[in-house]
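Here is what each chain is made of, one letter per residue.
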Amino acid sequence: MHELTTRWIERLRAFRFLFIVLANLIPIGGVLLLGWNGAQILILYWLENVIIGVMTLPRVLAARGQFQQPGQTGPQSSLGVGCFFVVHYGIFCLGHGLFTFVIAMDFLRSSDPALSGPLFDAPFLWGLLGLAGLNLIALWRDWWRPRAWRTANPVSEMFRPYGRIFVLHVAVLGGAWAMQKYHAPEGAILILCLGKAVLELATGWLTGLNSAARLNTPSGPA
């Protein structure tokens, strides 16, 4: 059983890295091939925040791991944690979104109209759809397919996305600095996208190390 679990974690780690690479190829390809500007990249990253939150909520609600006091039922506690997550994450996304759109609009006002183009053109919407699709595949593969909800802790699931959100927040702050300093040339936007990808890969690697460490730590005396 231990060996089977170890193999499953290794496959999950490999898929996590593939997911990160594919998800980050969307903005990188948008900049290199489609000429996406800095405003589009920042808004895409904010919308990725929203997608992550939407994908996290069913994990919180479906988790049946016991964390509550005796006498409380899993579904009721999961519902309470889910409501708290919606409020907490919603406020965070709202504040992050206001900050992002202020920067994006400032960039559009100060940039060459011939280079800025519409924010939500068809390629951008297809890229957003692709990002949502990748997250749906990850949700099915990592959560529903292995029936991870049977032992998952609702509170742990609530906090799980904040590592990626931290990376996205750093990316937006870095993007704002690059836009103000370099007036958002393609090179600076590309560096922002590559930096985010590297941070996410590093975060995924550290998460995998923590999972392996927990697996190999003895639970107690025999």
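Read on for an overview of the structure.

The rules behind these values
- Residues numbered from 1 in each chain as written.
- Predicted model: local features only at pLDDT ≥ 70, side-chain atom pairs only at ≥ 80, totals over all residues.
- Heavy atoms only, no water.
- Helix = DSSP H or I, 4+ residues; strand = E, 2+ residues; numbered from the N terminus.
- Expected span 1.5 Å × (residues − 1).
- Buried < 20%, exposed > 50% of the residue type's maximum accessible area, 1.4 Å probe, protein only.
- Polar contact = N/O pair within 3.5 Å; in protein donor to acceptor, adjacent residues only side chain to side chain.
- Salt bridge = Lys/Arg side-chain N within 4 Å of Asp/Glu carboxyl O.

1. Structural notes on helix H5 (residues 122-144)
Counted at 1.5 Å a residue, the expected span for H5 with its 23 residues is 33 Å, and the 31 Å between its end C-alpha atoms agrees. Of all the residues in H5, the buried ones are Phe-124, Gly-127, Leu-128, Leu-131, Leu-134, Asn-135, Ala-138, Leu-139 and Trp-143. One side-chain oxygen at the N-terminal end of H5 lies 3.0 Å from the backbone nitrogen of Phe-124; it belongs to Asp-121.

2. Describing the pattern of salt bridges
Enumeration according to the criterion identifies 4 salt bridges in this entry. One salt bridge in this structure joins Glu-48 and Lys-196, with 3.5 Å as the shortest N-O distance. Taken together, the positions of Glu-48 in helix H2 (residues 38-62) and Lys-196 in helix H8 (residues 186-216) put the pair 148 residues apart, joining distant regions of the chain. Assessed through its relative accessible area of 2%, Lys-196 is described here as buried. With a closest N to O distance of 2.9 Å, Glu-157 and Arg-160 form a salt bridge. Each of the salt bridges in this network shares a partner with another, and the network as a whole consists of Glu-48, Lys-196 and Glu-200.

Coordinates in, geometry out; function isn't part of it.
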